[in-house]
Every structure is written in C-alpha cells, then in structure tokens.
Amino acid sequence: MAEAAGGSAHAARAADTASRMAEVFTRTFGYDPEGVWAAPGRINLIGEHTDYSDGFVLPFALPHTLHAAAAPRADGAVRLRSLQAPEGDGFGVADLAPGSVEGWAAYPAGALWVLRQEGYRVDGLDLLVDSAIPSGAGLSSSAALSCAAVMAGAAVHGADPSASQVIRMARRVENDFVGMPCGVLDQSASMLSAEGHALFMDTRTMETEQVPFAPDRQGMTVLVVDTRAPHRLVEGHYADRHRACQEAAKELGVAALRDVTDLEAALAALASSELRRRVRHVVTENGRVLDTVDHLRAGRLRDVGPLLTASHMSLRDDYEVTVPEVDTAVRALLSAGALGARITGGGFGGCVIALVERERVEACGRAVEEAYREEGFAAPSLFEAAPSAGARRLR
Ligand code: GLA
C-alpha cells in the first residue's frame with residue numbers, strides 16, 4: 001500500500017513538473033511544447049577513472065534533476081533557453097560544427113549535431129531547460145543536459161532511440177563536439193539508474209545490474225559535500241589521465257587497463273613511475289568496485305565504508321586528481337565518524353561523498369564546516385543524496 005501511495009505521489013509530482021515546464025515554454029516561445037523530459041545528475045559511489053579503461057563503475061542517480069521542454073522547428077533555427085543561464089541562440093542547425101558553440105548551449109547544440117551525424121532528421125528546435133543539478137560540481141549536469149537534449153531532439157522529429165543509443169550519442173556530444181574525452185559513466189548513470197539502487201556496469205560490455213542500495217533502510221545516508229572548489233575538466237588534466245592510461249595499456253600490450261590481471265608484473269614492466277601509479281589506481285579501483293558490489297548484494301553496507309576511503313587514498317596518491325578542499329573534507333568527515341569518504345566524479349574540485357550513520361550526520365557536517373573555516377576555504381554546501389530514478393519522458 002505504502003509503495004502504491006508513494007508511486008502515485010511520484011506520478012503527481014512528475015505531472016506537476018511537466019505542466020509547469022510546458023507553461024514556461026509556452027510563455028517563452030509563444031506556443032505549446034511537444035514533450036517534456038527529465039534527466040538526473042549522478043553520484044559515483046565507486047569506480048572512479050575506470051570507465052575509459054573498459055572497467056567497472058557503480059553510480060546512482062541524484063534526486064537533483066534537469067527538465068527540458070521542446071518542440072521542433074521547420075526553419076532550421078535553434079533557440080535555446082535556460083532558467084539558470086543566458087540564452088544560447090543565433091545558429092542554424094545546418095551550421096553546427098564542433099567548437100562552434102560555447103558554454104551550456106554547446107551540449108544541446110552538440111546533441112543536434114550528433115543526431116544529424118547519425119542520420120536522424122533534425123530540422124531545428126526550440127528548447128527550454130530548467131536544471132536543479134549544481135553545475136561545475138562534478139555531478140554530471142552536462143551529461144544530464146546532453147541526454148535530455150538527445151532524447152528531446154530525436155523524439156520531436158518522430159524518432160525513438162533506445163537508452164543505449166542515447167548514452168552513446170550523449171557521450172559523443174562530449175567527445176566529438178565539446179572536446180571532453182570522457183567515458184560512459186555519467187550518461188549511463190543518468191539514463192539507466194533506478195530508485196533505491198546503484199547501477200553496476202561493465203563499461204566494456206555495457207552489461208548492467210541494478211544493485212539494491214538504500215542506506216536509509218539501514219540507518220545510514222550518503223552525505224555529499226560540494227566543496228565549491230573550482231572544477232575544470234575540459235582544461236587538460238582529465239585528458240592527461242586518459243592519455244596516460246592509453247599509453248600504459250599500449251606498453252603492457254593489452255587493449256585496455258581492464259585487462260591487467262597481474263598487477264605486480266604490470267608494475268615491474270613499466271619504466272615510468274607516473275604510469276605505474278596510474279595503473280595501480282585503475283586496477284585496484286576495479287577490484288574495489290567488485291568488492292563493493294559483493295557487500296551490497298549481501299546487505300553488508302557498513303563494509304563499503306573502508307572501500308570508499310581506500311578509493312580516495314588511491315585517487316589522491318596514485319591518480320593525483322584531488323585538491324586541498326577535497327582532502328580536507330575527507331579528513332574531517334572521517335575524524336567525525338563517517339564510515340568512509342571519497343572524492344566523487346572526475347576530480348580537481350567537485351564533490352566528496354561519505355557513508356554516514358544517521359546519528360553522525362550533524363557532527364560530520366559541522367566538522368567539515370569547521371575545517372573549511374580553519375583553512376580559509378569558501379563555505380561548502382552539504383546535502384544528503386538518496387539513490388533516485390533515471391531519465392524519462394514526463395509527457
Ligand atoms: C568524469 C567523466 C566520466 C568518468 C569520471 C571519472 O565524470 O565524464 O566519464 O571518467 O569523470 O570516473
């Protein structure tokens with residue numbers, strides 16, 4: 001009964017959101033939209049910087065969602081409006097080319113470009129976006145935008161790509177239009193997540209499993225610290241790590257670092273100490289994902305904590321993607337009794353997550369705020385994240 005009541009409350013909220021989006025679209029463009037879509041941001045529980053080495057990931061969707069309302073245009077024009085950002089405008093769908101659009105508008109523009117590249121008929125589009133996903137925080141606001149724009153752009157022109165086609169095209173938006181050489185983690189998390197679950201995914205085969213993950217049922221929560229440290233992935237560091245992994249795989253004679261089975265032998269075979277550190281992270285992180293999944297399947301949530309912390313240490317020392325704000329948050333959370341804590345997402349800023357017992361949540365939050373004051377960092381923002389539903393069409 002409770003489930004059914006919860007389900008209909010969800011449905012009512014979704015219908016409200018869809019009508020509100022439709023109203024704003026009509027006010028903005030002067031006619032009604034053809035559809036409304038939702039795509040959430042994500043937290044990666046564990047499995048960081050493994051997806052471009054064909055490895056394992058375990059993300060879940062945030063309740064923070066991006067909504068998009070759209071209608072096709074016959075004249076080839078693209079009009080993009082966001083309730084959070086200046087308008088992106090003034091281009092025709094036929095003139096789109098990689099690098100031709102900047103800022104947030106590059107993602108929906110890229111979505112139209114990719115759709116056309118892949119043979120979908122796209123004449124033009126009016127698109128309104130309203131996002132509750134903090135941007136620049138490593139929570140995949142841009143992947144959510146790309147997924148929503150691919151779904152909307154295809155659907156208003158009468159096409160209905162599968163979730164895996166949307167994931168592939170949304171990744172191409174980043175790789176081929178924006179120039180960010182990301183893997184499939186973010187797009188998959190946004191498209192495929194299910195409420196109360198984490199999404200275990202093999203990024204080589206794209207096989208997935210919904211693993212029950214509902215910390216609240218065991219008196220725990222995932223506390224998220226948005227460090228507000230500036231986070232700039234497109235600017236080089238991420239691409240450097242990607243290149244290092246490819247270089248190491250080539251030296252080791254494997255298709256991807258996923259294929260390294262004997263870590264000690266691989267480390268002995270690499271001359272560069274930098275490559276050795278990168279490889280050690282990827283290989284041990286894949287192992288931690290598998291161990292985390294085992295614990296979750298067996299309901300041993302507490303045992304996941306130490307794996308999160310080990311992942312952080314590996315990302316700090318071997319992969320070198322942390323910054324002082326992030327390390328300070330992890331230290332403070334652990335000293336205040338968090339079961340485990342780690343950076344999440346691409347790094348170089350962004351968010352930290354901690355698995356925390358309900359009665360420690362306040363103490364953990366206070367510890368982070370105090371540590372930030374002492375270090376002179378800007379105040380962080382804190383919230384709890386319940387594993388939520390993936391992307392869907394609302395009307
Ligand atoms: C970013 C990328 C993902 C993934 C993570 C690190 O979020 O978009 O593909 O590589 O970093 O795990």
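This is a predicted model, so every value here is computed, not measured.

S.K.: Sorry if this is basic, but what is going on with the domain arrangement of the protein chain here?
M.R.: It is common to report an interface's size as the accessible area lost on association of the parts. Split into domains, the protein chain comes out as domain 1 (2–209 + 389–393) and domain 2 (213–384). One C-alpha centre belongs to domain 1, the other to domain 2; they are set 26 Å apart. Every contact between the two is made by 38 residues of domain 1 and, on the other side, 44 residues of domain 2. Regarding the contact of domain 1 and domain 2, the summed buried area is about 3,300 Å², with carbon and sulfur atoms giving 66% of it. Where domain 1 touches domain 2, the interface holds 4 salt bridges. Broken down by element, the side of domain 1 that touches domain 2 gets its largest block of residues, 6 residues, from strand β2 (residues 56–72). Per-class residue counts for the side of domain 1 that touches domain 2 are 18 nonpolar, 13 polar and 7 charged.

S.K.: It is not clear to me how helix α10 (residues 324–335) should be interpreted in this structure. Could you clarify?
M.R.: An α-helical segment advances 3.6 residues per turn. Residues three or four places apart therefore align on the same side. Compared with an ideal rise of 1.5 Å per residue, which puts 12 residues at 16 Å, α10 spans 16 Å between its outermost C-alpha atoms and is within 8% of the ideal. The positive-phi residue at the C-terminal boundary of α10 is Gly 337, with phi of around 100°.

S.K.: Even after reading the chapter, I still don't get the packing of aromatic side chains, so can you show me in this structure?
M.R.: Aromatic rings in a pair are described by how distant their centres are and how their planes are angled relative to each other. Within this structure, the stated rule accounts for 7 aromatic pairs. When the centroid spacing of 5.5 Å and the interplanar angle of 45° are considered together, the rings of Trp 113 and Phe 177 count as tilted. A residue pair is termed long-range when its members are at least 10 positions apart, and Trp 113 in helix α2 (residues 106–117) and Phe 177 in helix α4 (residues 163–178) qualify at 64 residues. Of the residues examined, Trp 113 reaches a relative accessible area of 12% and is grouped as buried. Here the aromatic cluster, defined as three or more aromatic residues joined through ring pairs, consists of Phe 25, Phe 29 and Tyr 31. One Lys or Arg, Arg 278, reaches over the ring of Tyr 319 and ends 6.0 Å from the middle of that ring.

S.K.: Would you explain unusual backbone geometry in this entry?
M.R.: Where the residue is not glycine, phi is negative for most of them; where a peptide bond is considered, it is trans in most cases. Of note in the backbone geometry, His 49 takes a positive phi value of approximately 55° without being a glycine. Tracing the chain through its elements places His 49 in the loop between β1 (35–46) and β2. What makes His 49 buried here is its relative accessible area of 3%. Its identity is not glycine, yet Arg 228 carries a phi of approximately 60°, on the positive side. Checked against the element boundaries, Arg 228 lands in the loop between β8 (220–226) and α6 (237–252).

S.K.: Is there a simple way to explain the site of the ligand in this structure?
M.R.: Neighbouring the ligand are 13 residues; Glu 48, His 49, Asp 51, Asp 186 and Tyr 238 lie closest to it. Asp 51 places a polar side-chain atom, nitrogen or oxygen, 2.6 Å from an oxygen atom of the ligand. Taken by itself the ligand offers 310 Å² of open surface, and the protein chains cover 97% of this. Both domains that furnish three or more residues to the shell around the ligand are identified here as domain 1 (2–209 + 389–393) and domain 2 (213–384).

S.K.: Explanation requested: a negative patch on the surface in the structure shown.
M.R.: Together, Glu 369, Glu 370, Glu 374 and Glu 375 make up a negatively charged patch on the protein surface. Take Glu 374: it is sitting in helix α11 (residues 361–375). The class for Glu 374 is exposed, based on a relative accessible area of 71%.

Cut-offs used in this document
Within any chain, residue numbers begin from 1 and follow the written order of that chain's sequence. Given that the model is predicted, a residue must reach a pLDDT of at least 70 before its local features are reported, and side-chain atom pairs must reach 80 or more before they are shown or counted; all residues, however, enter totals for whole chains, interfaces and linings. Each side-chain value is worked out from all heavy atoms of the structure, with water and hydrogens disregarded. By convention here, the domain bounds are inherited from an automatic or database domain assignment. Should any heavy atoms of two residues lie within 4.5 Å, those residues are considered in contact. Put simply, buried area is the surface a 1.4 Å probe can reach on two separate parts but cannot reach once they are joined, added for both. Salt bridges are defined by distance alone: a side-chain nitrogen of Lys or Arg within 4 Å of a carboxyl oxygen of Asp or Glu. Per the convention used, a helix needs a DSSP run of H or I reaching at least four residues, while a strand needs a run of E reaching at least two, with both numbered from the N terminus. By the convention adopted, Pro, Cys, Tyr, Trp, Phe, Met, Ile, Leu, Val and Ala count as nonpolar, Lys, Arg, Asp and Glu as charged, and the other residues, Gly among them, as polar. Multiplying one less than the number of residues by 1.5 Å gives the expected span of a helix. Think of it this way: a Phe, Tyr or Trp ring, Trp meaning its six-membered ring, pairs with another when their centres are within 6.5 Å, and the plane angle makes it stacked under 30 degrees, edge-to-face over 60, tilted otherwise. Partly exposed describes any residue whose relative accessible area lies between the buried limit of under 20% and the exposed limit of over 50%, with all areas from a 1.4 Å probe on protein chains only and scaled to the type maximum. Put simply, a charge is over a ring when the Lys NZ or the Arg CZ is close to the ring centre, within 6 Å, and near the line of the ring normal, within 35 degrees. Only a single heavy atom is needed: when it lies within 4 Å of a molecule or strand, its residue is near that molecule or strand. Polar contact is defined as a pair of N or O atoms within 3.5 Å, subject to the rule that within protein one atom must be able to donate a hydrogen and the other to accept it, and that residues adjacent in sequence are counted only when both atoms are side-chain atoms. Accessible surface is estimated by sampling points in the Shrake-Rupley manner with a 1.4 Å probe; for residues, cover comes only from the protein chains shown. Exposure above 30% relative accessible area and the absence of a salt bridge qualify a residue for a patch, where like charges join within 9 Å and nonpolar side chains (Val, Leu, Ile, Met, Phe, Trp, Tyr) within 5 Å. When charges are counted, Lys and Arg are positive and Asp and Glu negative, with His and the chain ends excluded. For the purpose of locating charges, the reference atoms are NZ of Lys, CZ of Arg, CG of Asp and CD of Glu.

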